Amino acid sequence: MPTEREFQVAPIVPESVMHNTKALSNLQSLTASIFGVAAGILGLESYSGFLFYFIFTILTTILFYTFRVAPTSLKSGLGAFDTSRYFRTQYEFWAGGVFGGLAGYILTWTLFYGLVRA
Amino acid sequence: MAQLPPQTIQRDPQLFYWILFPITVVMILTGILRHYATVLMASPPKKVEQPALKEQRSLMHGVAVRSNFHVLTAPSFKARREFLTTAFESGAYLKDPERRGQPPANPMTDPGAMDGMMGMMKNNMAMMVPNTLIMSWINTFFSGFVILKLPFPITIKFKSMLQAGVATKEMDPRWMSSISWYFLCYFGLQFVFNFLLGSDNDGAADAGNGPQAPNMFGPGVDADKQFQAEAENLAVIKHYSVLDDVEQRLLEGIKTR
């Protein structure tokens, strides 16, 4: 854990962290709605639908990590799956989007399930 | 336990065009309207009298010096601290120096306080009025229709909420009426507004009121006490600079490359 002194030597700009977080949450909410469309068309019900959502959201986050975060963050000496170069906490990066996009997912899932199947 | 066959209900495909589609479109358009109403109704920052502005800015100056002392050299920080502490303690920046030590005025009688409350009222109205209107619109025109089936099972307790206006005892609670589609839209349309309006929009109803300005200079706060506290905060800082030992850090950085 870096001390206050280290933060002052290498300050973190809150605006940039905000921008990163916002970009991630935008991506999550948009992809979540698209996964909802997919799940509805496939006719997934109850557990398999939620499982579909969680698997694909985590897959999206992993892809985001490999393409946008990993190239520069690995080069700067951080370990694999360490996002502290661009995001405040690990939890925010890996789990924040799962709950942010759930409402949109359920909306489109219900809509397309209702239109296609039921 | 015997497995019950899933209920099937023959629904008119026209339900989609006359109920589902209009509700969704109205919800989206209301979100857009709400966003632009909030943008248009945002009152421009009120002009502040010169002494009041001086009071605010000098206090912020103090805070800035306190939180960024590490980029100043020791003598220049000491000079700033000396100057600000004396000014703060003598009350040189106060809005009305003769009212020092008196209790603050009642916030309800201060005309400046009313503006903040009006802004909050306007925001709340922009949330409340469309929601009430749409709810009553749906209840008048679309109550009693079963339009969609949820893809996941839920308990019987949701039945009264989801099937409001559909008085059928035996129906599976997964079937939802038009009012529950309204609730789904209410919570789930954030991604549509992200598409249409950009990410920091006011379209979604549950997005909160956005970042609130810090109420540091609000009515009812004793500026003199704030100044005294700030002077104390400045006085106890133990100064160091980020440039201390910078040559060692540089050499270490070079060595590890």
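Residues numbered from 1 in each chain as written. Chains lettered and ligands numbered in written order. Predicted model: local features only at pLDDT ≥ 70, side-chain atom pairs only at ≥ 80, totals over all residues.

Our focus in this paragraph is the overall build of chain B. A tally of regular secondary structure across chain B gives nine helices and two strands. When the elements of chain B are put in sequence order from the N terminus, they spell out α-α-α-α-β-α-β-α-α-α-α. Counting only residues that meet the buried cut, chain B has 21% of its 257 residues in that class. In chain B, 75% of the contacts between residues at least 6 apart in sequence involve partners at least 24 apart. (Helix = DSSP H or I, 4+ residues; strand = E, 2+ residues; numbered from the N terminus. Buried ≥ 20, exposed ≤ 12 C-beta atoms within 10 Å, placed from the backbone. Contact = placed C-beta atoms within 7 Å.)

Secondary structure summary: chain A contains five helices and zero strands in total. Taking all 118 residues of chain A together, the buried fraction comes to 31%. Of the contacts made within chain A by residues no fewer than 6 positions apart, 73% connect residues no fewer than 24 positions apart.

Interface extent is often summarised as the accessible area lost during association of the parts. At the junction of the two partners, chain A supplies 23 residues and chain B supplies 17 residues. Only α1 (4-9), α2 (14-42), α3 (46-75) and α5 (102-116) of chain A provide two or more residues apiece to the side of chain A that touches chain B. Broken down by element, the residue count for the side of chain A that touches chain B peaks at nine residues, all from α5(A).

This part covers unusual backbone geometry. Residues other than glycine seldom take positive phi values, yet Ser46(A) does so here, at roughly 35 degrees. Note that Ser46(A) resides in helix α3.

All names here are of chain B. With numbering matched to this structure, UniProt assigns "transmembrane region" (unreviewed entry) to residues 15-37, 127-148 and 179-197. Helix makes up 68% of residues 127-148 and strand 14%, and the two end C-alpha atoms of the span are 27 Å apart. Between the end C-alpha atoms of residues 179-197 there is a gap of 26 Å, over a span that is 95% helix and 0% strand. (UniProt positions renumbered as here; feature names shortened; annotations may be inferred.)

Attention shifts here to the environment of Met161(B). The residue Met161(B) is located in helix α5 (residues 159-162) in this model. Sequence-wise, Met161(B) and Pro173(B) are 12 residues apart; in three dimensions their C-alpha atoms are separated by 9.5 Å.

We now examine the packing of helix α3 (residues 74-90) of chain B against helix α8 (residues 223-235) of chain B. Two measures define how a pair of helices packs: the angle their axes make with one another and the distance between the axes. Residues and elements named next belong to chain B. Packing of α3 against α8 leaves a shortest axis separation of 8 Å and a crossing angle of 155 degrees. Between α3 and α8, the crossing angle belongs to the class labelled roughly antiparallel. Crossing of α3 over α8 shows left-handed handedness. Here Arg81, Leu84, Thr85, Phe88 and Glu89 of α3 come into contact with α8, specifically with Phe227, Gln228, Glu230, Ala231, Leu234 and Ala235. For the contact of α3 with α8, the class distribution of residues is six nonpolar, two polar and three charged. (Axes fitted to C-alpha atoms, helices over the stretch in contact; angles between N-to-C directions. Parallel < 35°, antiparallel > 145°, perpendicular 65-115°, else oblique. Left-handed = near helix turned anticlockwise from the far one by under 90°. Nonpolar A, V, L, I, M, F, W, Y, C, P; charged D, E, K, R; others polar.)

All right, on to the nonpolar core then. Counting 35 residues, the largest nonpolar core has Tyr105(A), Ile106(A), Ile23(B), Ile147(B), Met176(B), Trp181(B) and Cys185(B) as its most contacted members. Elements supplying a minimum of two residues to this core: α2 and α5 of chain A together with α1 (14-41), β1 (146-149), β2 (175-177), α6 (178-188) and α7 (190-197) of chain B. If near-sequence neighbours (up to four positions away) are discounted, Met176(B) is found in contact with Ile147(B), Leu148(B), Leu150(B), Leu162(B), Gln163(B) and Trp181(B). Counting six residues, the second largest nonpolar core, distinct from the first, contains Leu59(B), Leu84(B), Phe227(B) and Leu234(B). (Core = buried A, V, L, I, M, F, W, Y, C linked by C-beta atoms within 7 Å.)

So, about α5(A). Note on helix geometry: an α-helix contains 3.6 residues per turn, so any two residues three or four positions apart are oriented the same way. For α5(A), with 15 residues, the first-to-last C-alpha span of 21 Å sits near the 21 Å given by 1.5 Å per residue. By the criterion of burial, α5(A) is predominantly enclosed, with 12 of the 15 residues buried. All of the buried residues along α5(A) are Leu102(A), Ala103(A), Gly104(A), Tyr105(A), Ile106(A), Leu107(A), Thr108(A), Trp109(A), Thr110(A), Leu111(A), Tyr113(A) and Gly114(A). Looking at the buried side of α5(A), the elements it contacts are α2, α3 and α4 (90-100) of chain A together with β1, α6 and α7 of chain B. (Expected span 1.5 Å × (residues − 1).)

This part takes up the UniProt feature "transmembrane region" (unreviewed entry) in chain A. Residues and elements named next belong to chain A. The sites that carry the UniProt feature "transmembrane region" (unreviewed entry) are, in the present numbering, residues 27-44, 50-70 and 91-116. Along residues 27-44 one finds 89% helix and 0% strand; the C-alpha atoms at either end are 23 Å apart. Helix makes up 100% of residues 50-70 and strand 0%, and the two end C-alpha atoms of the span are 28 Å apart.

Here the focus is the packing of α2(A) against α7(B). Direction vectors running N to C along α2(A) and α7(B) enclose 120 degrees, while the axes themselves pass 9 Å from each other. Viewed along their axes, α2(A) and α7(B) adopt a mutual orientation that is oblique. Relative to α7(B), α2(A) is oriented so that their crossing is left-handed. Contacts between α2(A) and α7(B) involve Asn26(A), Ser29(A), Leu30(A), Ala32(A) and Ser33(A) from the former and Gln190(B), Phe191(B) and Asn194(B) from the latter. Residues of the contact of α2(A) with α7(B), tallied by class, amount to three nonpolar, five polar and no charged.

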